[in-house]
Amino acid sequence: MSTLAIIQARLGSTRLPKKVLMRFAGHSVIEHVYKRVRAAVFHTTVACPAQDTALVRECHSLSIPVFAWDGDPEDVLGRFHACAAQYPTATILVRITADCPFVQPAHITACIALAHMHDFARLSPREGWPDGLDVEAFKPAVLDACRSQEHVTADIQPNAVVTSPQDLSAHRWTLDTRDDLAWFRRISEVVDCTPPFHPTVAELLSTIDRNENLYGHFAYPKRHPDLQQTPDARPRA
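Residues numbered from 1 in each chain as written. Predicted model: local features only at pLDDT ≥ 70, side-chain atom pairs only at ≥ 80, totals over all residues. Heavy atoms only, no water.

Quick look at the pattern of salt bridges
Under the counting rule described, the total for this entry stands at nine salt bridges. In this structure, the salt-bridge partner of Lys-35 is Glu-31, at a minimum N-O distance of 3.0 Å. With Lys-35 and Glu-31 both in helix H1 (residues 29–38) and four residues apart, this pair spans about one turn of that helix. Classification of Lys-35 as partly exposed rests on a relative accessible area of 31%. For Glu-31, a relative accessible area of 10% translates into the label buried. Here the salt bridges share partners, and the residues they tie into one network are Arg-15, Lys-19, Asp-99 and Asp-176. (Salt bridge = Lys/Arg side-chain N within 4 Å of Asp/Glu carboxyl O. Helix = DSSP H or I, 4+ residues; strand = E, 2+ residues; numbered from the N terminus. Buried < 20%, exposed > 50% of the residue type's maximum accessible area, 1.4 Å probe, protein only.)

What follows is the structure in structure tokens.
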């Protein structure tokens, strides 16, 4: 093994409980995320609190590898560490959060390539991408240096980034509220959302451009007041 992708997931979201089990375009959110990540990384697993039995059952029903951690559900760093320890031969770790159902396989591949050369690579709104496409790839030594129990890599700066060719950071394609879920369901009615390769960023932008009424009051769903922070500081799955 050279690369391990870990999808952080939980059911205890304050704003939208059990969001990763909610469905659009014929799939649960966790299935959308897993299939997209798995298209880029053969060894992909979901890491969740052991108490989230409904999520564990969903993963088993879909033949998704799952690491159910019996530690503190709020200790995301500990959960990530414990999951990574199950795969000691991994030389690159990929960190994905389960609230990003449109994460792009090509973006994951790009971050992995950079991480091999630069230790820690990131793709996020800070680099001009829509919120919800976030990818981090890093060597195990980077994980060893992390200290943030809730946000994992928040106190570590990447050595390399994947920059968007245009500033798309005003777009928000992440699942955090019921308005977000309504947006995902509405857009899946007008663009192919079949994982792992659809929709692409170009397909989404083109669809949004052609359907100005698609957004309505869901246009660029506004962040919850708790999320008016830097991308790394947000509570995530």
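Describing the sheet that holds strand E9 (residues 160–161)
Whenever strands of a sheet pair, they do so through backbone hydrogen bonds, lying parallel or antiparallel. Spatially, the seven strands line up as an open sheet ordered E5-E4-E1-E6-E8-E7-E9, and their pairing is mixed. The sheet is open, and its two borders are formed by strand E5 (66–69) and E9, each paired with just one other strand. Where helix H2 (residues 53–61) meets the sheet, it contacts strand E4 (44–49) and E5, and its direction lies at approximately 165° from that of E5. The strands touched by helix H3 (residues 76–85) are strand E1 (3–8), E4, E5, strand E6 (92–97) and strand E8 (135–138); relative to E1, the strand with the most contacts, the crossing angle is about 145°. (Pairing = 2+ DSSP bridges. Contact = heavy atoms within 4.5 Å. Axes fitted to C-alpha atoms, helices over the stretch in contact; angles between N-to-C directions.)

Comments concerning the pairing of E5
On E5, burial follows the alternation: Phe-67 and Trp-69 on one face are buried, whereas Val-66 and Ala-68 on the facing-out side are not. Inspection of the sheet shows E4 paired to E5 by four bridges, in the parallel sense. Bridge pairing in E5 places Val-46 opposite Val-66. Assessed by its sense of winding, the connection that carries the chain from E4 through H2 to E5 is right-handed. (Right-handed = clockwise from strand over helix to strand, strands pointing away.)

As for unusual backbone geometry
In this structure, the amide linkage connecting Pro-195 to the following residue, Pro-196, adopts the cis form with an omega of 15°. Its location among the elements puts Pro-196 in the loop between helix H6 (178–187) and helix H7 (201–210). Backbone torsion omega between His-198 and Pro-199 reads 0°, so that peptide bond is classified as cis. Relative to the elements of secondary structure, Pro-199 occurs in the loop between H6 and H7. Although it is not a glycine, Ala-25 adopts a positive phi angle of roughly 55°.

Considering the pairing of E6
The element E6 is extensively covered by neighbouring structure, given that six of its six residues are classed as buried. Neither face of E6 is left uncovered, since the one carrying Ile-92, Val-94 and Ile-96 and the one carrying Leu-93, Arg-95 and Thr-97 both have all their residues buried. Relative to E6, E1 runs parallel, the two being bridged by six bridges. The partner of Ala-5 across the bridge, within E6, is Val-94. As paired strands, E6 and E8 are joined by three bridges and run antiparallel to one another. Paired with Arg-95 across the bridge in E8 is Glu-136.

Quick notes on the packing of aromatic side chains
Under the criterion given, the structure shown has seven aromatic pairs. Between Phe-102 and Trp-183, the ring centres sit 6.4 Å apart and the planes meet at 70°, which makes this aromatic pair edge-to-face. Taken together, the residues Phe-102 in the loop between E6 and helix H4 (105–118) and Trp-183 in helix H6 connect sequence positions 81 residues apart. No difference in accessibility class separates Phe-102 from Trp-183, as the two residues are buried. (Phe/Tyr/Trp six-rings, centres within 6.5 Å; stacked < 30°, edge-to-face > 60°.)

Some thoughts on the nonpolar core
Core analysis: the largest hydrophobic core is formed by 52 residues, its most contacted members being Ile-7, Val-94, Ile-96, Phe-102 and Ile-108. Discounting chain neighbours no more than four positions away, the residues touching Ile-108 are Arg-36, Val-37, Ala-40, Val-41, Val-94, Ile-96, Val-103 and Val-135. (Core = buried A, V, L, I, M, F, W, Y, C linked by side-chain atoms within 4.5 Å.)

Scope: geometric values only; no functional claims are made or implied.
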